[in-house]
Structure formats: C-alpha cells, structure tokens
Amino acid sequence: VLDIRKLYAETDAFTYDPGFTSTASCESKITFIDGDAGVLLHRGYPIGQLAEKSSFLEVCYLLLHGELPQAAEYEKFETTITRHTMLHEQFDRFFSGFRRDAHPMAVMTGAVGALSAFYHDSLDIHDLRQREISAHRLIAKMPTIAARAFKYSVGQPFVHPLNKLSYTENFLRMCFAVPAEEYVVNPVVAKAMDRIFILHADHEQNASTSTVRLAGSSGANPFACIAAGIACLWGPSHGGANEEALNMLKEIGTPERVKEFVAGVKDRKYRLMGFGHRVYKNYDPRATVMKQSADEVLAAVGDSNDPLFQVAKELEQVALNDDFFISRKLYPNVDFYSGITLSAMGFPTTMFTVLFALARTVGWIAQWKEMIEDPSQKIGRPRQLYTGATQRDYVPISSRG
Ligand code: ACO
C-alpha cells in the first residue's frame, strides 16, 4: 500500500509555500518593489517621478520596451495605439447579450476574452509581430470596452473613440459624453485620471499578474490570458478592494464614527479595506500620489469638504497611531483614496475595478511578453502537499457500510 507521508518524507524536491509569500516564480526586468522602504520602480524609474512628469501612454511604452521613448518613437507608438481603439462592429452585439444589471467586471471578463474570437491575426504567440499587435490592440481597446461596459450599465448609447484626443481624454469622453450635448474634458480630471492609470500600470507578481503568466505559460493566446487576469483582479482582496474601501467609508459615514469602526477591526469583525499589503510594510508610494489626486479632483469637480474624504483622513490618522496597525505594519495602499477620487469624477463604485483593469492591462501584457520571450520559459505547474486519504481498495456500493 502506498504510504503518502513516507513518500513526502523521502522527497526533497519542493517547497511548501502557501500564498507564495517567499517564492519567486520568475525573473523580471520590469518592476522593482522594496516593500520595507516603500519604493516602487518601473524599469528603474520611481513611481512618484513617473506620476508627476510622464503620461500613461509613455509609461506603457516604458513597460513594454524597457526605455523611455525618443520623440519619434513616442509619436509612432501613440499613432499605433490610436489606430487600434475601434472595436469590430459585430463586437457591440456582445454587450447587448448581458443583463443591464450585470457587474461591469463580469462584462469585462467576457468581452476581453471574446477578443480572441475577433482578431485572428494576433493569436500566434511565437510570432513577434503578432505579439506586438496583440499588445497594442489590448492597450488601445481596453478604454473602448470599459467605456462600453459603463454606458451599457447606465442604459446610454455607446460613444465611439475620437482619436484626436489623448488616450485618457478619449476614454473620459467615451464614458461621459451624451449625444446632442457638447462634452468638454476637464483638464484636472484628465490629468488625475492619467495619473491613476500610471499608478496602476504594473506591480510585479501580484495575484492577477501571476494568473496572466500562469495562463500564458501553457501557450494560451494573449486575449485569453488577460481575461484570466481580469477575473482574478475582481476579488475584494485584490482589485476589488477599491470598491470595498469606498463602501466602507460610506458605511462609517462621519469622522465621529471612525474610532468605533476601528475597534471593530481590532476585534476582527471586519478588515480595514484599502489598508495593508502583502509586500509593502510601509506607506504604499502610490497612496501618497493618490491622496494628492483626491485633493485636486475634489477641489476641481467635487467638494473639498467631502465627508467621505474627511472620514478617510481621520481613519488614516487613527490607524497610523494605533498599535494594532503599527505592529502589523498596516498602511494605506493605493486603493484607500482612489475610490473617493473616482467617485468625484462621476464613476459608480462598480466601475472602479474596471478602471484598474484598464490600467493594469499594459503591465499584464508586458509581463506576458517578457515570459514568452524568455527562452527558459516552462509551463507553470505548482506542486501540492496531498493531505487526503491514503491508497485504499474500491468497495462496491452494495457492500458499503
Ligand atoms: N485590516 C485589518 N487587519 C489586517 C488588514 C486589514 N486591512 N490586513 C492585514 N491585517 C492583519 C491580519 O488580520 C493579520 O493579523 P494577525 O497576524 O494578528 O492574524 C496580519 O495583519 C497579516 O495579515 P495577512 O492577511 O496575513 O496579510 P496578507 O499579506 O496575506 O494580506 C492583504 C494582504 C490581502 C492586502 C490584506 O492586507 C488585506 O486584506 N487588505 C484589505 C484589502 C485590500 O486593501 N486589498 C488591496 C491590496 S492592494 C491591491 O491589490 C492593489
């Protein structure tokens, strides 16, 4: 009879690391995080500098190609992305198949997966040119798909891309323009949106990126892999946290109720959403920029005294001075202030994770390309520690006691 415990005892071939807390799954040149110091670098450039001085499309180029573009390279890249923003006419019918009250992330998972049914000339992962076209298509079409998911959920007609606008202005127009009314993009909102996209562009081997790599390691096409990443991102412990964080702030309601809420967190009744991170054991550098963006957007289109912003600031203060959070190194993450900002821009909470997916697409595709182009790449195949029954003999149903 097979003795499973003896078998494990005699095997020295693998490590048991649930949640991958200390196992690197790959080598990468894209993103570096020092969680203790609160440092995040893309291709060596600090996230704070990129958020302040760059644009989302330039960061896309950087993540994909490893260097900041020269002027001519940037112009060519922007033109290429612009050329791919449209969706196949038949694709629109895909949206009407969903119920109006479907969560936009459910729509995104299905719609992005369906891209592989439309763009057959960019499915061959062994062809460099096809890999590049699929990367460009995904970056370019995500805003169009995300805006359609939004428009469908609010029952408004789709707005087609207007490619003379910037990437982010175009997206905002597709979301908020309505027919027969002139829509002018607010520059403060556009700048903040672009910055939010930069902050979410990549974050090394998080759950959704690892999902994309694992799916891609089997040779699946890039559209299918990104759809897998979107599905993973939806979870409340990952991209879904921004939605949960705003719901939490609404539930607290006023700064006076913060202490009572924090007591509940310490009693483990619930978690403080938008706080804590597997890697950052210091202030998430993205949260600093996000807090500033919240300030700017509220001043431009919202209410600087927005009660939810006051609740968030009070919550942060209370938590940062409380031993429960200090001892566990729990600090605000990127999601803590993003909900307030996106809400002031006019997005419903159900769209928050969609915006995250839009921005993270470039990170996913850059990581996927890096993996496919690595000659030592193998199919991902984690092992397990089996804890079930040992080997036993089949008993016919009539003889089971
Ligand atoms: N609120 C209260 N306590 C928390 C929180 C939180 N947000 N996060 C962690 N803790 C506590 C845990 O209870 C645990 O305490 P214990 O050791 O006394 O049992 C300790 O801190 C460690 O927590 P783990 O769950 O082991 O930490 P892990 O690294 O696995 O979790 C995670 C990281 C999932 C992000 C967690 O901090 C969390 O759930 N945060 C809230 C959700 C959130 O904001 N997610 C967004 C992450 S960023 C992103 O995806 C963009």
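What you see is a predicted model, and the numbers here were worked out from it, not measured in a lab.

Draft legend 1. The arrangement of the overall build of the chain in detail. The number of helices and strands found in the chain is 18 helices and three strands. Against the compact-globule benchmark of 21 Å for 401 residues, the chain has a radius of gyration of 23 Å, which places it among compact chains. With the principal axes as the frame, the chain shows a C-alpha extent of 75 × 55 × 50 Å. The buried share among the 401 residues of the chain stands at 42%. The contacts in the chain between residues at least 6 apart in sequence include a share of 77% that link residues at least 24 apart.

Draft legend 2. Quick look at the packing of helix α10 (residues 207-217) against helix α11 (residues 222-233). Axis separation between α10 and α11 bottoms out at 8 Å; the angle between their running directions is 150°. With respect to each other, α10 and α11 are oriented roughly antiparallel. For the crossing formed where α10 meets α11, the hand is right-handed. Residues Ala207, Ser208, Thr209, Thr211, Val212, Ala215 and Gly216 of α10 touch α11, and the partners they reach there are Ala224, Cys225, Ile226, Ala228, Gly229, Cys232 and Leu233. Here the residues of the contact of α10 with α11 are counted per class, giving nine nonpolar, five polar and no charged.

Draft legend 3. Structural view of the UniProt feature "active site" (unreviewed entry) in the chain. Within the UniProt annotation, "active site" (unreviewed entry) is assigned to His277 and Asp335. Spanning 59 residues, the named residues form one tight spatial group whose C-alpha atoms are at most 10.6 Å apart. Within the secondary structure, His277 sits in the loop between α13 (258-266) and α14 (285-301). Dropping the residues within four chain positions of it, His277 is found in contact with Asp284 and Asn333. Take Asp335: it is sitting in helix α17 (residues 335-345). Classification of Asp335 as buried rests on a count of 28 C-beta atoms within 10 Å. Residues within four places of Asp335 in sequence aside, it is in contact with Ala241, Asn242, Ala245 and Gly274.

Draft legend 4. Structural view of the sheet that holds strand β2 (residues 39-42). What the three strands build is an open sheet, ordered β1-β2-β3; its pairing is antiparallel. Whereas interior strands pair on both sides, the edge strands pair on one side only; in this sheet they are β1 (31-34) and β3 (45-46). Strand direction decides the pairing type here: β2 and β3, joined by two bridges, are antiparallel. Paired with Leu41 across the bridge in β3 is Pro46.

Draft legend 5. Up close: the environment of Thr209. Within the secondary structure, Thr209 is located in helix α10. Along the primary structure Thr209 and Cys232 are separated by 23 residues, whereas in three dimensions their C-alpha atoms are 8.8 Å apart. What Thr209 contacts, discounting residues up to four positions off in sequence, is Glu204, Gly229, Gly363, Trp364 and Gln367.

Draft legend 6. Here's a closer look at the pairing of β2. Alternating positions in β2 separate cleanly, Leu40 and His42 being buried on one face and Val39 and Leu41 remaining unburied on the opposite face. Inspection of the sheet shows β1 paired to β2 by four bridges, in the antiparallel sense. The partner of Thr31 across the bridge, within β2, is His42. Where β1 hands over to β2, the hairpin turn is made up of four residues, of which Gly38 adopts a positive phi near 70°. Once β2 ends, the chain turns through two residues before running back antiparallel as β3, passing Arg43 with a positive phi of about 50°.

Cut-off values and rules
Residues numbered from 1 in each chain as written. Predicted model: local features only at pLDDT ≥ 70, side-chain atom pairs only at ≥ 80, totals over all residues. Helix = DSSP H or I, 4+ residues; strand = E, 2+ residues; numbered from the N terminus. Rg over C-alpha atoms; globule rule 2.2 N^0.38 Å. Buried ≥ 20, exposed ≤ 12 C-beta atoms within 10 Å, placed from the backbone. Contact = placed C-beta atoms within 7 Å. Axes fitted to C-alpha atoms, helices over the stretch in contact; angles between N-to-C directions. Parallel < 35°, antiparallel > 145°, perpendicular 65-115°, else oblique. Left-handed = near helix turned anticlockwise from the far one by under 90°. Nonpolar A, V, L, I, M, F, W, Y, C, P; charged D, E, K, R; others polar. UniProt positions renumbered as here; feature names shortened; annotations may be inferred. Pairing = 2+ DSSP bridges.

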